[in-house]
Amino acid sequence: MNTVRVVVGISGASGAALGVRITERLAAMPGVETHLVVSDAARRTLDLECPPGALARLETLVHRHHPNGDIGASIASGSFPVRGMIVAPCSMQTLSAIATGRTDTLLTRAADVQMKERRRLVLLARETPLHLGHLRNMCAVTEMGAIVMPPVPAFYHRPQSVAEIVDHLAARAIDLMAFAPAPLAESWTGTDEAG
């Protein structure tokens with residue numbers, strides 16, 4: 001079986017549970033090697049929004065946890081082959097840095113590498129409401145090849161809890177990496193209304 005490498009970046013926006021669940025789901029997939037990078041602000045958000053010890057537990061699930069200040073890490077180079085990267089959540093600061101090519105942290109450098117190497121980059125942009133600067137940054141990264149996936153929940157599968165919503169969003173983000181043999185997220189199947 002071939003190993004598929006995926007980078008998960010967690011930045012400091014609210015919604016740390018999204019990055020946690022994506023990492024958990026990737027860890028459960030055979031043949032997936034996960035590399036994790038967490039911003040300084042995300043460390044704080046993980047402490048505020050998740051159960052105690054969330055980051056320490058994530059570090060046990062991944063192949064490698066890279067410090068955000070280590071711009072010489074393997075994931076900072078295009079010669080290190082990965083399938084792509086998911087940034088979940090993606091703060092507006094991180095989005096802005098990616099949109100403008102500011103690569104002063106490992107998280108933003110790794111995202112920049114995905115775009116220059118024409119690999120998948122999925123950004124779960126987390127903010128509301130949005131002003132014009134946010135929208136322009138989303139347009140800029142989209143024009144450069146990234147996929148902007150605001151974590152807007154689907155309700156057609158009738159989720160019964162926040163955990164189910166988070167799980168569905170995590171599955172959708174992983175599906176955008178296009179390496180799983182079948183979609184992880186429950187798909188809309190249409191209605192069977194008689195005409």
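So, here is what we can say about the structure in this document. For every chain, the first residue of the written sequence is number 1, and numbering continues from 1 along that sequence. Local features in a predicted model are, by the rule used here, given only for residues with pLDDT of at least 70; side-chain atom pairs are given and counted only at 80 or more, and totals for whole chains, interfaces and linings are based on all residues. Calculated side-chain values reflect all of the structure's heavy atoms, with hydrogen atoms and water omitted.

What follows is about the overall build of the protein. Secondary structure summary: the protein contains seven helices and six strands in total. The principal-axis extent of the C-alpha atoms belonging to the protein is close to 60 × 40 × 35 Å. For each residue, the accessible area found with a 1.4 Å probe, counting protein chains only, is set against the maximum for its type, and the residue is called buried under 20%, exposed over 50%, and partly exposed in between. Counting only residues that meet the buried cut, the protein has 47% of its 195 residues in that class. By the convention used here, residues are in contact when the closest approach between their heavy atoms is within 4.5 Å. Partitioning the contacts of the protein with sequence separation of at least 6, the portion at a separation of at least 24 is 77%. Surface summary for the protein: the accessible area is close to 9,900 Å², and the carbon and sulfur share equals 52%. Here the protein contributes 18 positive and 18 negative side-chain charges, whose respective centroids are spaced 5 Å apart. Only DSSP runs of H or I covering at least 4 residues are called helices, and only runs of E covering at least 2 are called strands; the numbering of each starts at the N terminus. In this description, accessible areas are obtained by the Shrake-Rupley approach with a 1.4 Å probe, and a residue is regarded as covered only by the protein chains that are shown. His is not counted here, nor are the chain ends, while Lys and Arg score as positive and Asp and Glu score as negative. Charge coordinates come from a single atom per side chain, which is NZ of Lys, CZ of Arg, CG of Asp or CD of Glu.

Interaxial distance between helix 4 (residues 92-100) and helix 5 (residues 106-116) falls to 9 Å at its minimum, and their mutual angle equals 45°. Considered as vectors, helix 4 and helix 5 are oriented oblique to each other. As helix 4 runs across helix 5, the sense of the crossing is right-handed. Along its contact with helix 4, which presents T94, A97 and I98, the element helix 5 presents L107, T108, A111 and M115. Think of each axis as a best-fit line through the C-alpha atoms, taken over the contacting stretch in the case of a helix, with angles from 0 to 180 degrees between the N-to-C directions. Orientation labels follow simple angle bins: below 35 degrees gives roughly parallel, above 145 gives roughly antiparallel, 65 to 115 gives roughly perpendicular, and whatever is left gives oblique. Crossing handedness is read from the near helix: turned anticlockwise from the far helix by less than a right angle, it gives a left-handed crossing, and turned clockwise, a right-handed one.

This brings us to the environment of M177. You can see M177 is positioned in the segment after helix 7 (162-175). Measuring from C-alpha to C-alpha, the distance between M177 and R5 comes to 11 Å, with 172 residues separating the pair along the chain. Non-local contacts of M177, meaning those with residues more than four positions away in its chain, are made with V6, R83, G84, M85, I86, R120 and V122.

With seven of seven residues buried, strand 4 (residues 84-90) lies mostly within the body of the structure. Taking every second residue as pointing to the same face, both faces of strand 4 are buried, with G84, I86, A88 and C90 on one and M85, V87 and P89 on the other.

The next point concerns the sheet that holds strand 4. Strand order in this open sheet of six strands is 3-2-1-4-5-6, and the pairing throughout is parallel. A strand with exactly one partner marks an edge of an open sheet, and here the two such strands are strand 3 (64-66) and strand 6 (147-148). Think of it this way: DSSP has to see at least two bridges between two strands before they count as a pair. Looking at chain direction, strand 2 (residues 32-38) and strand 3 are connected through three bridges and run parallel. Each residue of the ladder has a partner; that of H35, found in strand 3, is R64. Of the strands in this sheet, strand 1 (4-10), strand 2, strand 3, strand 4 and strand 5 (120-125) touch helix 5, which is tilted by about 135° from strand 4.

So, on to the pattern of salt bridges. Each reported salt bridge corresponds to a side-chain nitrogen of Lys or Arg within 4 Å of a carboxyl oxygen of Asp or Glu. Tallied over the full model, the rule gives eight salt bridges. Residue R5 pairs with E33 through a salt bridge whose shortest N-O separation is 2.9 Å. Here R5 is found in strand 1, whereas its partner E33 is found in strand 2, with 28 residues between them in sequence. Residue classification places E33 among the buried residues on the basis of a relative accessible area of 14%. Residues participating in the shared-partner salt-bridge network are R21, E24, R25, R57 and D167.

For the pair helix 4 and helix 6 (residues 132-143), the least separation of the axes is 9 Å and the interaxial angle reads 45°. Between helix 4 and helix 6, the angle falls in the class oblique. Here helix 4 runs over helix 6; the crossing is left-handed. Counting all contacts with helix 4, which are made through M92, L95, S96, I98 and A99, the residues of helix 6 involved are H134, N137, M138, A140 and V141. The nonpolar class holds Ala, Val, Leu, Ile, Met, Phe, Trp, Tyr, Cys and Pro. Asp, Glu, Lys and Arg form the charged class, and all remaining residues, Gly among them, are polar. Looking at the contact of helix 4 with helix 6, its residues break down into seven nonpolar, three polar and no charged.

This is a description of form; function is not addressed.
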